Amino acid sequence: MSLLENVVPPIADPSGLSRKAFDELRAFIYDQTGIYFRDNKRYLLESQVGRRLKQLGLSSFEQYIELVQNGRRQTELPALVNAITINETFFFRHPQQYEAIAEVLLPQFTEENGHRPIRIWSAACSTGDEPYTIAMLIRERVQPRFPNAHFEILGTDINTEVLQTAREGVYGAYAVRNIPPAYLQKYFTKEGDQHVLSPALREMVRFRHLNLTDRHTIGQFRDFDIILCANVLIYFDDDTKQSVISNLYNSLRPGGYLFVGTSETLHGVTRAFQPARLNNSIAYKKEDRHDYDR
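Note that the structure is predicted; figures quoted are calculated from it, not measured. (Residues numbered from 1 in each chain as written. Predicted model: local features only at pLDDT ≥ 70, side-chain atom pairs only at ≥ 80, totals over all residues. Heavy atoms only, no water.)

Draft legend 1. Local environment of the environment of Asn 159. Within the secondary structure layout, Asn 159 lies in the loop between β2 (151-157) and α7 (160-168). Its relative accessible area of 2% is what places Asn 159 among the buried residues. Along the backbone, Asn 159 and Ala 182 are 23 residues apart, and their C-alpha atoms lie at a distance of 31 Å. Ignoring anything within four residues of it in the chain, the contact list for Asn 159 reads Val 81, Asn 82, Thr 85, Asn 87 and His 209. A polar atom in the side chain of Asn 159 sits 2.8 Å from the side chain of Thr 85. (Helix = DSSP H or I, 4+ residues; strand = E, 2+ residues; numbered from the N terminus. Buried < 20%, exposed > 50% of the residue type's maximum accessible area, 1.4 Å probe, protein only. Contact = heavy atoms within 4.5 Å. Polar contact = N/O pair within 3.5 Å; in protein donor to acceptor, adjacent residues only side chain to side chain.)

Draft legend 2. Up close: the side chain of Arg 119. Along the chain, Arg 119 falls in strand β1 (residues 118-122). At a separation of 2.9 Å, a polar atom in the side chain of Arg 119 contacts the side chain of Glu 152.

Draft legend 3. Layout of the sheet that holds strand β5 (residues 194-197). With antiparallel pairing, the three strands of this open sheet are ordered in space as β3-β5-β4. Only two strands of the sheet have a single partner each, and these edge strands are β3 (170-171) and β4 (188-191). Pairing between β4 and β5: four bridges, direction antiparallel. In the strand pairing of β5, Thr 189 is matched with Val 196. (Pairing = 2+ DSSP bridges.)

Here it is, written out as structure tokens:
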């Protein structure tokens, strides 16, 4: 998941987002999702939520706030989340991390744990490019060495629209541009301008809607060997970062690893993990057998 960053500020609308409405909408979004819009991102809300106003035929942000807070929270909140989250992703986006997973961690876990399934979670999977990348690497580079190994791959995201795309497995040229040609030919069928993922690979990944700040629901996610959570923490304030990382820590098995974005770090967020260099990648290892609540 990533919020829209490089957008030209829109031309002001006569009924634009006032400071009061911005503060109220920002607080509501933060309370519901943990996503925090700083003052310099006010135009993002005006642009993205403004489109939703037009779709609903509303004339002011105040009307929309009333609707989403009181009138139609259950049905409109998912639409609001979809409106404010844009998903910039593609296959093989973090090759050094995937190399460490395929060449170091998955063989290690397979040898150590016998026939227990190795569990991998892409915690902000967007349109599924990341978990499907892992699935391809397992099929091509891990299962030939360990034919009896079992793997479970989960992808979650807060945006319901991208999850639907992930389940359908249909991608444009931009998303697949870094896939090795042999993999692209083997696992995709070209239909016009679209690339359709093979059913065999789609069956390796299951998807679920999840807000990473939902402590109750995420408490059901346990015993993962590897969690990938890239390019998400930058959209949270410090308290929310610590809460999310605490949840992810508790979802890992002892000895499991967390990967964050290549430009992200857990420095200053938590000391619960042990940083580890795996080939040319940095990961965070859970060594303690206990959960923590920070």
